[in-house]
Amino acid sequence: MSTTLAAVDTLTAAQLDQLCVNTIRTLSIDAVQQAKSGHPGTPMALAPLVYTIWNRVMRFDPQNPIWPNRDRFVLSNGHASMLLWSTLHLTGVQAVNAEYEAVGKPSVTLDDIRRFRQLDSRAPGHPEYHWVSGVETTTGPLGQGIATSVGMAIAEKWLARHYNRPGFEIFDYNIYSACGDGCLMEGIASEAASLAGHLGLDNLCWIYDNNHITIEGNTRIAFTEDVAARFLAYGWNVLRVGDANDLERIEQALEVFRKTKGRPTFIVLDSHIGYGSPNKQDTAAAHGEPLGDEECRLVKRAYGWPEDAKFLVPDGVYEHFQSGIGKRGAEARRNWTKLFESYRSQYPDLAVEIELMQRRELPTGWDRNLPAFPADPKGIAGRDASGKTLNVLAQNIPWFLGGSADLGPSNKTTLTYPGAGDFQADTPEGKNLHYGIREHSMAAIVNGMALSKLRPFGASFFIFSDYARPAIRLASLMELPSLLIFTHDAMGDGEDGPTHQPVEHLISLRAIPGLITIRPGDANEVVEAYRFVIQLRHQPAVMALSRQPLPTLDRNKYAPASGLSQGAYVLGDAPGGNPEVIIIATGSEVSLAVEAHEKLLAEGIRSRVVSMPSWEIFEQQSQAYQDSVLPPSVNARVAVEQASTLGWERYVGRSGRVIGMKTFGASAPLKELQRKYGFEPDQVVAAAKQQLGK
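Residues numbered from 1 in each chain as written. Predicted model: local features only at pLDDT ≥ 70, side-chain atom pairs only at ≥ 80, totals over all residues. Heavy atoms only, no water.

J.: Please explain the packing of aromatic side chains as it appears in this structure.
T.: Between two aromatic rings, the relevant description is the distance of the centres plus the angle of the planes. Enumeration over the complete set of coordinates arrives at 28 aromatic pairs. When the centroid spacing of 5.8 Å and the interplanar angle of 70° are considered together, the rings of Trp206 and Phe231 count as edge-to-face. Separated by 25 residues along the polypeptide, Trp206 in strand β5 (residues 204-210) and Phe231 in helix α8 (residues 227-234) bring together distant segments of the chain. Of the two residues, Trp206 and Phe231, both sit in the buried class. Ring geometry for Phe231 versus Tyr234: centroids 5.3 Å apart, planes at 90°, classification edge-to-face. Of this pair, Phe231 and Tyr234 both sit in helix α8, 3 residues apart, which is roughly one turn of the helix. Through a chain of ring-to-ring contacts, three or more aromatic side chains come together here, namely Trp67, Phe168, Trp336, Phe340, Tyr343 and Tyr347. Taking NZ or CZ as reference, Lys453 lies 4.2 Å from the ring centre of Tyr100, over its face. When the ring centre of Trp615 is taken as reference, the NZ or CZ atom of Arg510 above it lies at 4.0 Å. (Phe/Tyr/Trp six-rings, centres within 6.5 Å; stacked < 30°, edge-to-face > 60°. Helix = DSSP H or I, 4+ residues; strand = E, 2+ residues; numbered from the N terminus. Buried < 20%, exposed > 50% of the residue type's maximum accessible area, 1.4 Å probe, protein only. Lys NZ or Arg CZ within 6 Å of the ring centre and 35° of its normal.)

J.: I keep staring at unusual backbone geometry and nothing clicks. Help me out?
T.: Trans peptide bonds make up the majority, and among non-glycine residues the majority have a negative phi. At Lys36, a residue that is not glycine, the phi angle is positive and equals roughly 55°. Among the secondary structure elements, Lys36 is positioned in the loop between α1 (13-35) and α2 (41-57). With relative accessibility at 68%, the residue Lys36 sits in the exposed group. One non-glycine residue, Arg117, adopts positive backbone phi at about 70°. Turning to its location among the elements, Arg117 is positioned in the loop between α4 (110-114) and α5 (144-163). Given the relative accessible area of 27%, Arg117 is considered partly exposed.

J.: How should the packing of helix α7 (residues 187-199) against helix α15 (residues 439-451) be read in this particular structure?
T.: Describing two packed helices takes the angle between their axes plus the distance from one axis to the other. Interaxial distance between α7 and α15 falls to 8 Å at its minimum, and their mutual angle equals 70°. Classed by the angle they form, the pair α7 and α15 counts as roughly perpendicular. Crossing hand, α7 versus α15: right-handed. Side by side, α7 and α15 meet where Ile188, Glu191, Ala192 and Leu195 of the first sit next to Glu439, His440, Ser441, Ala444 and Ile445 of the second. Residue composition of the contact of α7 with α15, grouped by class: 5 nonpolar, 2 polar and 2 charged. (Axes fitted to C-alpha atoms, helices over the stretch in contact; angles between N-to-C directions. Parallel < 35°, antiparallel > 145°, perpendicular 65-115°, else oblique. Left-handed = near helix turned anticlockwise from the far one by under 90°. Contact = heavy atoms within 4.5 Å. Nonpolar A, V, L, I, M, F, W, Y, C, P; charged D, E, K, R; others polar.)

J.: What am I meant to see in the sheet that holds strand β15 (residues 516-518) here?
T.: Strands pair in a sheet through their backbones, by hydrogen bonds, and they do so in one of two ways: parallel or antiparallel. Taken together, the 6 strands give an open sheet; going across it, the order is β12-β11-β13-β14-β16-β15, and neighbouring strands pair in parallel fashion. The open sheet has two edge strands with one neighbour each: β12 (432-434) and β15. Between one strand and the next, the sheet's axes are offset by a mean angle of 20°, whatever the strand orientation. Taken together, the 5 bridges between strand β11 (residues 400-404) and strand β13 (residues 455-461) define a ladder with parallel strand orientation. By the bridge assignment, Ser404 is partnered in β13 with Ala459. (Pairing = 2+ DSSP bridges.)

J.: For this particular structure, what's the right way to read helix α23 (residues 670-677)?
T.: Because each turn of an α-helix spans 3.6 residues, side chains separated by three or four positions end up pointing in the same direction. Inspection of α23 places Leu670, Leu673 and Tyr677 among the buried residues, and these make up the whole buried set. Summarising the axial view, the buried residues of α23 lie within an arc of 60°, below the 170-degree limit, and thus occupy one face. If you follow the buried residues of α23, they end up packed against β22 (657-661). (Arc of directions from axis to C-beta.)

J.: How should I be thinking about the packing of helix α19 (residues 589-602) against helix α24 (residues 681-691) in this particular structure?
T.: In contact at an axis separation of 8 Å, α19 and α24 are set at 60° when each is read in the N-to-C sense. The angle between the axes of α19 and α24 places the two elements in the oblique class. With respect to the hand of their crossing, α19 and α24 are arranged in right-handed fashion. Each of Leu592, Glu595, Ala596, Lys599 and Leu600 in α19 lies in contact with α24, whose residues at this interface are Pro681, Asp682, Val684, Val685, Ala688 and Lys689. Class assignment of the residues belonging to the contact of α19 with α24 gives a composition of 7 nonpolar, no polar and 4 charged.

J.: Please clarify how the sheet that holds strand β19 (residues 581-585) should be interpreted in this entry.
T.: Across the sheet, 5 strands lie side by side as β18-β20-β19-β21-β22; this open sheet has mixed pairing. A strand with exactly one partner marks an edge of an open sheet, and here the two such strands are β18 (569-572) and β22. Strand-to-strand twist of the sheet, defined as the mean angle between neighbouring strand axes without regard to direction, takes the value 25°. Bridge analysis of β19 against strand β21 (residues 637-644) gives 4 bridges, and the strand direction is parallel. The residue of β21 that forms the bridge with Ile582 is Arg637.

J.: Just to check I follow, could you spell out the nonpolar core for this structure?
T.: Note on soluble globular proteins: their nonpolar side chains tend to be buried together. Residues Tyr163, Trp206, Tyr530 and Val533 are the most contacted members of the largest nonpolar core, which totals 111 residues. A per-element tally of this core places α5 first, with 11 residues. Apart from the residues lying within four places of it in its own chain, the contact partners of Tyr530 are Ser386, Thr389, Leu390, Leu393, Leu483, Ile485, Met543 and Leu545. Leu27, Met82, Leu84 and Phe257 belong to the second largest nonpolar core, which has 62 residues in total. (Core = buried A, V, L, I, M, F, W, Y, C linked by side-chain atoms within 4.5 Å.)

Spelled out as structure tokens, the structure:
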């Protein structure tokens, strides 16, 4: 038996609200059913929440989804992506391209929703930032969204303190994030929530979908903690809404959030997964699989919906969203635009900075006064050269900031110039962030700041890139210019032993599509590495820097360090440029390779030494350039790197020699480790001769 919807002009305001909520629900149900894949239960439960946030509360203009002062909404439980696709469609959010230009078409069409989870649909299985306008961050790996939202909240606080002036509240937006049991069980959530509470981020609101269901069943099998008490302990303001269908109570709680100062807000929202499903409500079956055709009809009957209708958007729904978020958002943006024009006339330099930042462009003179290091056989550690460079860049680029996971003094990432300051609750203008020993959330927070158009960095020991890797991967997936600086890149901290000596980390990061990994060979390569990565607009980068001093090469004798911008370059060559053997090295092994190269030349062996700080940058060069560095006719090749040998065969060939690590390291002074594992000039020379059959 089918149901007929009432004419829109006969509906009360409450009935129209409910019609919109049920439209979100049924679009989600139909999309999952048609795809035969997806998660219908959470959209069915949280449609009232998302409707309230978007149509009643958020300051967001669908016509300009990248307006700088918009409120942000993050769907951390990204498996419920149909919530977002339904909402972006119904609110009429417009698409924006990679150059931040409106393209004159909707971000998500009804046809995209019909093709949910299909190739090239703008309604993929999880929210994807660079693919769909209106998505503030890619989510899906649970906990990442809420952790990233902390970076967004930090960014707003920094922007507001740095750019707002009396009468000019240029930045005063809020961040709303929906999350579920899975997000809160992930360790990254605890890390991020702890820091957010410490920093008193009162522009941040997490709404917890408390439905007691995960894939394996009721949460009582694994998750019985007092979540509210946990967030009180973090220093959050904790509220509870006992009925996820109560729009007025939801709106009231969000109003309390906006009035709360000095603390982030955590709203516990009691809900029923698969709400309205006669046979699957409150069960794991509603979580990760379609309802089934018959259950879809029963659910629609419960909603008072035409049972056989699919992808129905009733009359009045689009108009209701237009009169809600459409009207409110457009007015808010118009007012902000007028305010910004007045701001520009009074503070033209600051206005230019804001505009450059929004386009991910750099200020004039951003690379002035970068250090140049004289030749020095004793040299300087990569981390020390990095610290000097960071302090110049942070003064040249006002929105360049960051910090370390409690290792600033060791990473040399502390900004020490006068006025740099520390970012704390009462000093949000500070440019030194203290992430605490929270590497995973640090990387997600860096992403959140990058999404807010700052140029942020995070730092730790290279071995702990393992803890940050999931968020680094997402930075690459989102095409963000996030920067992670890792020191202690190999065996330079010898006595700490194998727990602190990275082996497989370089190749594991090189395996991430789109990520730029750079291991500079001396202080001047460090400077050039920064010169390269700071100009990236849509790619993240990782630095792997030495703890110990590395000889600073004489660039009058050897090629200039600017060759780093091509990923690999001929550092030293045989007379006449006709080598018979090529030695390739990265990082601390470059100076080792240079020593071996000189020994070979002294013996009359035509050697070439190639510094290859970045595989990824090298692979971007023309084939002609690559062949000029590594001539295909020269098969005698040796690669030297204090890391896993995996992957080097692409450069040395199957018959080439790789001096690297095939085991974990050991606890011993550096020189003993170098001797044990073959990282000595004579061993490189012997390998080169072996390649030549000598």
